[in-house]
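# A look at the structure
Chain by chain, the residues:
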Amino acid sequence: MNFKKPFPSTRFYFNVNRLSRILLIICFFFLFTSEIFSRTIEVHEGESIQKAIDSLEKGDTVKVYPGIYHEFLFVDKTFFTLSGVIVNGRWPTLDGGGKLNDGVIGSGANFLIENFHIKNYKANGVMTQGAGNIIMRKLIVENTGIYGIYPTMGTNVLIEDTVSLGIADAAIYIGMCHNVDVRRNEVYGSVIGIEIENSTNVLIEGNTVYDNSAGIVAFALPGLPLKKVENVIIRNNFIFDNNHRNFAEPGALVAGVPPGIGIGVMAGDAVTIEGNIIRRNSFAGIGIGDNNLLPNSKSPDPDVEPNPDRNKVLENVFIDNGVRKWNDFISWIFYVIRILFSGNPIPESPNGGKVGVFPDGYDIVASGKGKDNCLIAPDSVTKIGTSSYEVCNPKETTEKIKTMIGDPKLGEAKSDERELGKQVFGAVCSGCHSMNIRTVGPPIKEIQEKYKKDVYGVVSFASMPKKVRAGFIEMPSQKYLGNEKLTAVSNYILNLKDEGAKGVVK
Ligand code: HEC
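Treat the numbers as computed from the prediction; the structure is a model and nothing was measured.

Before going further, it helps to spend a moment on unusual backbone geometry. Positive phi, normally seen in glycine, also occurs at Asn 115, with a value near 60 degrees. Mapped onto the elements of the fold, Asn 115 is located in strand E8 (residues 111-119). Judged by relative accessible area, which is 6%, Asn 115 ranks as buried. One non-glycine residue with positive phi stands out, namely Asn 236, at about 55 degrees. Secondary-structure assignment places Asn 236 in the loop between strand E21 (230-235) and strand E22 (238-240). For Asn 236, a relative accessible area of 37% corresponds to the partly exposed category.

Structure (structure tokens):
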């Protein structure tokens, strides 16, 4: 084709104009979408997960496909998602081969990890350090040394739908955290199933806890920066056959825990135990005591109040606790030998003396001088040491409390996070949800009433929706948005005020 000579420059300008327009549109597109959509990198067997983590930033996701990965993973980014992909029942497995110390350490806030099988580490399966807004779910944690799932110094921590086994200290260990939910986990074959230590506002609900030396414990220990265990609900759990031989490292604190304990509270305050099935724990279905049970109780921490106060044992089902079988005797023989050789004293008994070599067991064993503890139906259980316990008011129940996780950001929400929530809502959710009226999905009002402050409940639902309502389509998963956007939009939704008269959210 022949171009006419007189006009080449105009044509040139026209092209630049068009090009720049297209470029501008592309830029806009990316500007907008990068705000809404997060980057995701896929990792397949044979590749390095840590490399993928290092190449990403805040708000991004690493997706790991099935295979065995001999790695230690360190995530120090915020709003980061580490997500396994399960294909045909095959999980991505992190295997420390008995040589590596930790499976995963997360030190950034707003970290989500899910869908991994983590095994054979020497220290911890998954540990998060000092970070808030943590979700750990759908993990299998096996033989990972001292702790399985271990958030420490965190605020707003959710642990759900995990399985842990074969851990030589606590399978799930809540260390010095605030606002924690631990729900629907299975924990077995460990020294301690679930341990809450020097933490406040903790809900332990719907877990299956069996074949550990002790099932669920709440301890206030001396010598740590946070000084109490307070406001804990242990509710609707199945806690049975926790008579496992204590195989903790000799000399470790938990090596002193006698086998056969369903729920143990030491120096805990305002611990409410309700709705659990507590069966065949051979020493104590529930044991409540003070810090004199500790081996080094002669040098106490002046800032730790050593007595258990304001604890409530409400309606639970107790069956066959305190009954010993041959296996349980073997556990006890190991325990007594260990205690004698390690120099730890045998714990004080409820009557002030030492626990005998094979003390009797009961549904409830209490010791120490705590105040204002209560027991709802004293006549229905076998018990010792509970003479100072009052009868709980039958109207008291924890039913109304759905979660201990505080609104991760309410009040101090940074405006850019609210902005992000608003943007995601406008771009994605508002297609199907409006404030007061049903469009495709239920109105936001209804969601607010149902979820109250449970931001993670909304995050959880939106990333893995289930069929809830008859006559509605199933909501499509919003998981692709990533952790940061889902948290922001869930926060936004739960705090949305009804401003539009016509129920239209602006
Ligand atoms: C394509 C339409 C659609 C989009 C987009 C959508 N939803 Fe939904 N959502 C629904 C439907 C339909 C239901 C009702 C499902 C049911 O009850 O079975 C629902 C229900 C819900 C519920 C209530 C769950 C419960 O337990 O009752 C929440 C929370 C929710 N959506 C959050 C969100 C969030 C957050 C977003 C945006 C990130 C979003 N939805 C985007 C259609 C949608």
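A word on the environment of Glu 399. Within the fold, Glu 399 resides in the loop between strand E32 (390-391) and helix H4 (415-427). Classification of Glu 399 by relative accessible area gives exposed; the value is 58%. Considering only alpha carbons, one finds Glu 399 and Glu 274, 125 residues apart in sequence, at a separation of 9.5 Å.

Moving on to a nonpolar patch on the surface. Taken together, the side chains of Ile 333, Ile 337, Leu 340, Phe 341 and Phe 358 make up a nonpolar region of the molecular surface, amounting to roughly 540 Å² of accessible area. Inspection of the secondary structure assignment puts Phe 341 in helix H3 (residues 326-342).

All right, on to the pairing of strand E12 (residues 155-160) then. With respect to burial, E12 is a largely interior element, 5 of its 6 residues being buried. With 4 bridges connecting them, strand E10 (residues 134-142) and E12 associate as parallel partners. Residue pairing in the sheet places Arg 137 in a bridge with Glu 160 of E12. Bridge count for E12 against strand E15 (residues 178-183) is 5 bridges, and the pairing is parallel. Directly across from Leu 158, in E15, lies its bridge partner Asp 181.

Among the 23 residues in the neighbourhood of the ligand, the closest are listed as Cys 429, Cys 432, His 433, Tyr 451 and Met 475. Between the ligand and Lys 450 there is a distance of 2.8 Å, counted from an oxygen atom to a side-chain nitrogen or oxygen. The element contributing the most residues to the shell around the ligand is helix H5 (residues 444-451), with 3 residues. A class-by-class count of the residues in the shell around the ligand yields 16 nonpolar, 3 polar and 4 charged.

So, about the confidence of the model for the protein chain. Any segment with low pLDDT has predicted coordinates that should not be analysed in fine detail. Looking at the protein chain, pLDDT values average 86 and 85% of them are 70 or higher. Segment residues 1-14: pLDDT under 50, and 1 contact once partners within four positions in sequence are set aside and those in other chains are kept. The low-confidence segment residues 500-506, where pLDDT is below 50, has 12 contacts with residues more than four positions distant or belonging to other chains.

Right, let's talk about the environment of Ile 118 for a bit. Assignment of secondary structure puts Ile 118 in strand E8. Look at Ile 118 and you get buried, because its relative accessible area is 0%. Separated by 24 residues in sequence, Ile 118 and Leu 94 have C-alpha atoms that sit 4.7 Å apart. Beyond its immediate stretch of four places on either side in the chain, Ile 118 contacts Leu 94, Gly 103, Gly 125, Val 126, Ile 140, Val 141, Glu 142 and Thr 144.

Quick notes on the rules
- Residues numbered from 1 in each chain as written.
- Predicted model: local features only at pLDDT ≥ 70, side-chain atom pairs only at ≥ 80, totals over all residues.
- Heavy atoms only, no water.
- Helix = DSSP H or I, 4+ residues; strand = E, 2+ residues; numbered from the N terminus.
- Buried < 20%, exposed > 50% of the residue type's maximum accessible area, 1.4 Å probe, protein only.
- Patch = residues over 30% accessible without salt bridge, like charges linked within 9 Å, V, L, I, M, F, W, Y side chains within 5 Å.
- Areas by Shrake-Rupley, 256 points an atom, 1.4 Å probe, with all protein chains shown as cover.
- Salt bridge = Lys/Arg side-chain N within 4 Å of Asp/Glu carboxyl O.
- Pairing = 2+ DSSP bridges.
- Near = heavy atom within 4 Å.
- Polar contact = N/O pair within 3.5 Å; in protein donor to acceptor, adjacent residues only side chain to side chain.
- Nonpolar A, V, L, I, M, F, W, Y, C, P; charged D, E, K, R; others polar.
- pLDDT = per-residue confidence, 0-100.
- Contact = heavy atoms within 4.5 Å.

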